[in-house]
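Residue strings, one per chain:
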Amino acid sequence: MTRRTAPRPGRRVGLAASLALALAALAPSYVRAQDEEQEVIDTLVAMWAAIEAGDLDAYAQYIHPEFTAFGENDVYLAEGRALELRSYGDYLTRARDVHTEMHQPEVTIRGDVAWITYYWTDSGYTDGGRFASRGKSTRIFVREDGRWLCIHGHYTAVP
């Protein structure tokens, strides 16, 4: 019968055991990173849910005071949270039954800054009838007081 013992100090550990130890040490940070990435996705989905519900106040909770955006049809950079809220407030007077879906999100986090790239599709109704669109986007978030706030958006419609 072969008896197995824990490696003694100075004794070589096999590659598989070394890899297992390394993965075990990394697992908590990997899980934490996945959780943070999911928080960014969840924040964006909550922003869309607020718009879909027609709740501008709920949407405002996720917008940084220094928000900027390059919209689908904007020639110039839109600057400021107040402008973003006025624009969406106007949109909500014209649009109803809006639903947005996110496809292939990729989140990158560096400290308290995160960016997400994704494709989107949306549909709904305006006074002009049914609409549907699709595009690609990048959103930048900053973490303040433990929450992710959207500080920049760049949206490009795809025909």
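In what follows, the structure referred to is the one given above.
Please read these numbers as outputs of a predicted model, since none were measured by experiment. (Residues numbered from 1 in each chain as written. Predicted model: local features only at pLDDT ≥ 70, side-chain atom pairs only at ≥ 80, totals over all residues. Heavy atoms only, no water.)

### Notes on the packing of aromatic side chains
Working step 1: Within this structure, the stated rule accounts for 3 aromatic pairs.
Working step 2: Aromatic pair Trp48 and Tyr118: ring centres 5.6 Å apart, planes at 70°, arrangement edge-to-face. Residue Trp48 is found in helix α1 (residues 15-52), and its partner Tyr118 is found in strand β4 (residues 113-126); the two are separated by 70 residues along the sequence.
Working step 3: Judged by relative accessible area, Tyr118 falls into the buried class, the value being 3%.
Working step 4: Joined through ring pairs, the aromatic side chains of Tyr59, Tyr88 and Tyr91 make up one cluster. (Phe/Tyr/Trp six-rings, centres within 6.5 Å; stacked < 30°, edge-to-face > 60°. Helix = DSSP H or I, 4+ residues; strand = E, 2+ residues; numbered from the N terminus. Buried < 20%, exposed > 50% of the residue type's maximum accessible area, 1.4 Å probe, protein only.)

### Comments concerning the pattern of salt bridges
Working step 1: Taken as a whole and assessed by the stated rule, the structure comprises 3 salt bridges.
Working step 2: The partner of Glu36 in a salt bridge is Arg143, and the shortest N-O contact between them spans 2.9 Å. Placement of Glu36 in helix α1 and of Arg143 in strand β5 (residues 129-144) is noted, with a sequence separation of 107 residues between them.
Working step 3: Residue Asp90 is joined to Arg94 by a salt bridge in which the shortest nitrogen-to-oxygen separation is 3.1 Å. Of this pair, Asp90 and Arg94 both sit in helix α3 (residues 81-94), 4 residues apart, roughly one helical turn. (Salt bridge = Lys/Arg side-chain N within 4 Å of Asp/Glu carboxyl O.)

### Looking at the sheet that holds strand β2 (residues 78-79)
Working step 1: Read across the open sheet, the 6 strands follow the order β2-β1-β6-β5-β4-β3; overall the sheet is mixed. Edge positions in the sheet fall to β2 and β3 (96-110), since each has one partner strand and no second.
Working step 2: Together, β1 (63-70), β2, β3, β4 and β5 form the strand contacts of α3, whose direction differs from that of β1 by roughly 70°. (Pairing = 2+ DSSP bridges. Contact = heavy atoms within 4.5 Å. Axes fitted to C-alpha atoms, helices over the stretch in contact; angles between N-to-C directions.)

### Section: the pairing of β5
The two faces of the sheet receive side chains in turn, since in a regular strand these alternate between them.
Working step 1: Inspection of the sheet shows β4 paired to β5 by 14 bridges, in the antiparallel sense. Bridge pairing in β5 links Ala114 to Phe141.
Working step 2: The hairpin formed by β4 and β5 contains 2 residues between the paired strands.
Working step 3: Across 10 bridges, β5 lies against strand β6 (residues 147-157) in antiparallel orientation. Note on β6: the bridge partner recorded for Arg143 is Trp148.
Working step 4: Remark: 2 residues form the turn of the hairpin made by β5 and β6, two consecutive strands paired antiparallel; Asp145 in that turn has positive phi of roughly 50°.

### Quick word on the side chain of Thr68
Working step 1: Locating Thr68 in the fold gives a position in strand β1.
Working step 2: Here Thr68 falls in the buried class, since its relative accessible area comes to 17%.
Working step 3: Contacts of Thr68, omitting those with residues within four sequence positions, involve Leu77, Ala78, Glu79, Ile151, His152 and Gly153.

### Quick notes on the side chain of His152
Working step 1: Its location among the elements puts His152 in strand β6.
Working step 2: Accessibility expressed as a relative area gives 14% for His152, which makes it buried.
Working step 3: Within polar-contact distance, the side chain of His152 engages the side chain of Thr68 at 2.6 Å.
Working step 4: If sequence neighbours within four positions are ignored, His152 has contacts with Phe67, Thr68, Ala69, Phe70, Leu77, Thr138, Arg139 and Ile140. (Polar contact = N/O pair within 3.5 Å; in protein donor to acceptor, adjacent residues only side chain to side chain.)

### Here's the deal with the layout of surface pockets
Working step 1: Of the pockets and cavities examined, the largest pocket occupies roughly 780 Å³.
Working step 2: In this structure, the largest pocket is lined by 28 residues; those nearest its centre are Gly71, Glu72, Tyr88, Tyr91 and Tyr155.
Working step 3: Elements represented by at least two residues in the lining of the largest pocket include exactly α1, α3, β3, β4 and β5.
Working step 4: In terms of residue class, the lining of the largest pocket is made up of 15 nonpolar, 6 polar and 7 charged. (1 Å grid on protein atoms, 1.4 Å probe; cavity = no way out; pocket = protein on both sides within 12 Å on 5 of 7 lines; lining within 4 Å. Points joined across faces, edges and corners; volume = space filled by probe spheres on them. Nonpolar A, V, L, I, M, F, W, Y, C, P; charged D, E, K, R; others polar.)

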